[in-house]
Each structure stands twice: as structure tokens, then as C-alpha cells.
Amino acid sequence: MRQVIAGNWKMNGLTADAQALAQALRAGVEHAPTQAEVLVFPPYTQIATVARILAGSGVGWGGQDCHMAENGPHTGDISPDMLRDLGATHVILGHSERRRDHNELDETVREKTVEALRAGLIPIVCVGESEEQRAGSQQEDTVGWQIKGSLPDGFGGADGSGGLVAYEPVWAIGTGRVATVEDIAAMHAFVRGELVRQMGETAGRGIRILYGGSVNAANAASVLAVPEVAGALVGGASLKATDFLTIIAATTGLPAA
Ligand code: PGA
């Protein structure tokens, strides 16, 4: 299995920005081929543009969210099939900004995950504790419950290709305060233990666990070398092609699963 570098562009980028970023990324991976799996998550309005530029480059793309229904009266929402229609392979679900801005609960995330899997998308389900929860030593309880509530039966599949988990401590997202390698190692070991306990040995061991929260060009190598870190979900630093390419170049091989 390969490490995954996923760039979450969030609510950033007009057409010219998305074109320039996608073109620079394509040129960068052609110039320096990587063993990593590279994905970008543009805003919905830019997915088609990015898809045209990245087609055949080896860099994949996905959505930052999707609805839990196949279609119908849901003004402003996007279904997993609509993402698939644009060549998306993945979708981020349960990001803490969705949980915060749209009151998404674990149950919502689970329903969306089920629908994404039905449509053939690979979900990247985000979990992570808030600053207050960490201050109260609640990080394990919080993340354990999020895993229980957000991941449906069958998540991860037999070989781990049916879903990934991203551990993203909320206090580290967009703040420049990356978690220490010790904290990341401890939480990834905890998440692995919970996945095995909750999903069973085979599925639980196969699911790749990404770290997210202020990963940048300077700290990527140390984060990506932590045991159980199967890649990174990158926000701010994914908007600058040179930084994102540096992060891609910092990936390591993963032991065969
Ligand atoms: P950040 O965002 O890299 O800007 O901290 C990470 C994320 O929200 O996935």
C-alpha cells in the first residue's frame, strides 16, 4: 500500500487559480514521479476544470463532501454519483469544518459514508478532538466514539481500499500548531487499536490512517515517518504547488499490508 497525500483546497480558488495549481501539480509529478497516491479536493465549482488538466497524470481528485441521498430535492447539495460523473474517486466526509459549520453529527457522516460507498467512491472519514477535549484528556474517548458513530459496517473492505480515516486534531487545523510526533504516534496507535476492536482484525488492520493539521513542507518528512501514518490530509499547504510537491516528495514506502 502506498502513502496518500491528499490536498484539501477547501473554499479557495477561482478558475484561474485552480488551473494554475493543477497545471503546476501535473508538471511537478511528471518531473519527479512519486510512489505516493496523490489526490486533490477542489471546491465543486473547479472539479471539472481540474479533472480536465489532471486526467492521465496519476493525480486523482475528489469532493470535499457529498449528500447522503442518491438524488432529489436537496437544494445546494451534491450527490456521490455527481462526483463520480466528474471522475472523482474519493470524497472527504466528516471534516471538522463540516461538523462545525453544518452541524454534522457522526450519524450524518455514517449515512454519507454508506451512500458514497454505494456510488463507488472511497471515503476519507475525518475524526479528531477539539482543544477543550484535549485539555480535558478526552482525545481518546472523543475519537473512539467518532469512529464508532461515523464508520458503517463494511468500511475499509477486505483490503483497506474501501475507506480511509484521517486523524485531524481540530486545534491543529489551519493554526500552524502541528501535533508533536509523540502525540501523532500515540493517537494513530489508538485509532488503529479502535479500528481493529470495532471493525475486526482484517478490516481494522487494512484501513490507512492519514494525519491532518498544519502539515507543511517543513514538517512533512517527520510527520510521514511516524509509525501508522499512511499519509497526510493537507489544507493550507496544498494551495501552493511547490509546498505540496515538497510534501509529496517526503512520502515513504509503507510496509505491504
Ligand atoms: P491545514 O488543514 O493543513 O490547513 O491545517 C488540514 C485539513 O483541514 O484537512
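Look above for the structure.
Keep in mind it's a predicted model, so treat the numbers as computed, not measured.

Student: Describe the overall build of the chain, listing the residues and the values that go with them.
Tutor: Secondary structure assignment for the chain yields 11 helices and 8 strands. Relative to a compact globule of 257 residues, whose C-alpha radius of gyration would be 18 Å, the chain shows 17 Å and is just as compact. With respect to the three principal axes, the spread of C-alpha positions in the chain is 45 × 45 × 35 Å. Taking all 257 residues of the chain together, the buried fraction comes to 53%. By element, 53% of the accessible surface of the chain is carried by carbon and sulfur atoms, the whole surface being about 11100 Å². Between the mean site of the 19 positive side-chain charges and the mean site of the 29 negative ones, the chain shows a separation of 3 Å.

Student: Break down the site of the ligand for me, citing the residues and quoting the values.
Tutor: Contacts to the ligand come from 13 residues, most closely from Lys10, His95, Glu168, Gly174 and Ser214. For the ligand, an oxygen atom lies 2.8 Å from a polar atom in the backbone of Gly235. Against a free-state accessible area of 280 Å², the protein chains account for coverage of 96% of the ligand. Residues of the shell around the ligand, tallied by class, amount to 4 nonpolar, 7 polar and 2 charged.

Student: Provide a residue-level description of the sheet that holds strand β2 (residues 37-41), including the pertinent values.
Tutor: Spatial strand order, β1-β2-β3-β4-β5-β6-β7-β8: 8 strands in a closed barrel with parallel pairing. Adjacent strand axes in the sheet meet at a mean angle of 25°, parallel and antiparallel pairs treated alike. Taken together, the 4 bridges between strand β1 (residues 4-8) and strand β8 (residues 231-234) define a ladder with parallel strand orientation. Paired with Ala6 across the bridge in β8 is Leu233. Contacts from helix α11 (residues 241-249) reach β1, β2 and β8 within the one sheet, and its direction differs from that of β1 by about 160°.

Student: I'd like to hear about the pattern of salt bridges, residue by residue, with values.
Tutor: Should their charged atoms come close, side chains of opposite charge can pair. Within this structure, the stated rule accounts for 18 salt bridges. Between Lys112 and Asp65 there is a salt bridge, with the nearest N and O atoms lying 3.0 Å from each other. Residue Lys112 is located in helix α5 (residues 106-119), and its partner Asp65 is located in the loop between β3 (60-63) and α3 (80-85); the two are separated by 47 residues in the primary sequence. One salt bridge connects Glu104 with Arg98, and the closest N-O pair in it is separated by 3.1 Å. Residue Glu104 is classed as buried on the basis of its relative accessible area of 7%. In this structure Arg98 comes out as partly exposed when scored by relative accessible area, which is 21%. Salt bridges sharing common partners tie together Asp65, Arg98, Glu104 and Lys112.

Student: Account for the packing of aromatic side chains, with residues named and values stated.
Tutor: With the rule as written, the count across this model stands at 1 aromatic pair. Ring centres 6.3 Å apart and planes at 55° place the aromatic pair Tyr167 and Tyr211 in the tilted group. Of this pair, Tyr167 sits in strand β6 (residues 164-167) while Tyr211 sits in strand β7 (residues 209-212), placing them 44 residues apart in sequence. Overall, Tyr167 belongs to the buried group, its relative accessible area being 1%.

Student: Quick rundown of unusual backbone geometry? Include the residues and the values.
Tutor: Of note, Lys10 is a non-glycine position whose phi angle comes to about 55°, a positive value. One can find Lys10 in the loop between β1 and α1 (15-31). Given the relative accessible area of 18%, Lys10 is considered buried. Positioned with a positive phi, Ser214 is a non-glycine residue whose angle comes to about 60°.

Student: Quick one: what's the story with the nonpolar core, residue by residue and with numbers?
Tutor: If you look at the biggest cluster of nonpolar residues, it comprises 59 residues, and the most contacted ones within it are Ile5 and Tyr211. Other than its neighbours up to four places away in sequence, Tyr211 contacts Tyr167, Pro169, Ala172, Val178, Ala179, Ile184, His188, Val223, Val229, Gly231, Ala232 and Leu233. The next biggest cluster of nonpolar side chains, apart from the first, holds 12 residues, and it includes Ala6, Phe41, Cys126 and Leu164.

What counts, and where the lines are drawn
- The numbering scheme is per chain: residues are counted from 1 as the chain's sequence reads.
- Only residues with pLDDT of at least 70 get local features here, since the model is predicted, and only at 80 or more are side-chain atom pairs given and counted; chain-wide, interface and lining totals rely on the full set of residues.
- Each side-chain value is derived from all of the structure's non-hydrogen atoms; neither hydrogens nor water enter the calculation.
- Per the convention used, a helix needs a DSSP run of H or I reaching at least four residues, while a strand needs a run of E reaching at least two, with both numbered from the N terminus.
- As a reference, a globule follows 2.2 Å times the number of residues to the power 0.38, and the radius of gyration itself is taken over C-alpha atoms.
- Each residue gets one of three labels from its accessible area relative to the maximum for its type: buried under 20%, exposed over 50%, partly exposed in between, using a 1.4 Å probe on protein chains only.
- Accessible surface area values rest on a Shrake-Rupley calculation with a 1.4 Å probe, where residue burial reflects the displayed protein chains alone.
- For the purpose of counting charges, residues Lys and Arg are taken to be positive, whereas Asp and Glu are taken to be negative. His and the chain ends are not included.
- Note on charges: their place is set at NZ of Lys, CZ of Arg, CG of Asp or CD of Glu.
- We call a residue near a molecule or strand whenever a single non-hydrogen atom of that residue lies within 4 Å of it.
- Polar contacts, as used here, are pairs of N or O atoms within 3.5 Å; protein pairs need one atom able to donate a hydrogen and one able to accept it. Residues neighboring in sequence count only if both atoms are side-chain atoms.
- When residues are grouped by polarity, Ala, Val, Leu, Ile, Met, Phe, Trp, Tyr, Cys and Pro land in nonpolar, Asp, Glu, Lys and Arg in charged, and all others, Gly among them, in polar.
- Strand pairing follows a simple DSSP-based rule, namely that at least 2 bridges must link the two strands.
- Helix axes are fitted only over the stretch in contact, all axes being lines through C-alpha atoms; the angle between N-to-C directions runs from 0 to 180 degrees.
- Should any heavy atoms of two residues lie within 4.5 Å, those residues are considered in contact.
- For this document, the term salt bridge refers to a Lys or Arg side-chain nitrogen within 4 Å of an Asp or Glu carboxyl oxygen.
- Two aromatic rings from Phe, Tyr or Trp, using only the six-membered ring of Trp, form a pair when their centres are within 6.5 Å; if the ring planes differ by under 30 degrees the pair is stacked, by over 60 it is edge-to-face, and anything between is tilted.
- We call a set of buried residues a nonpolar core when its members are Ala, Val, Leu, Ile, Met, Phe, Trp, Tyr or Cys and they connect through side-chain atoms within 4.5 Å of each other.

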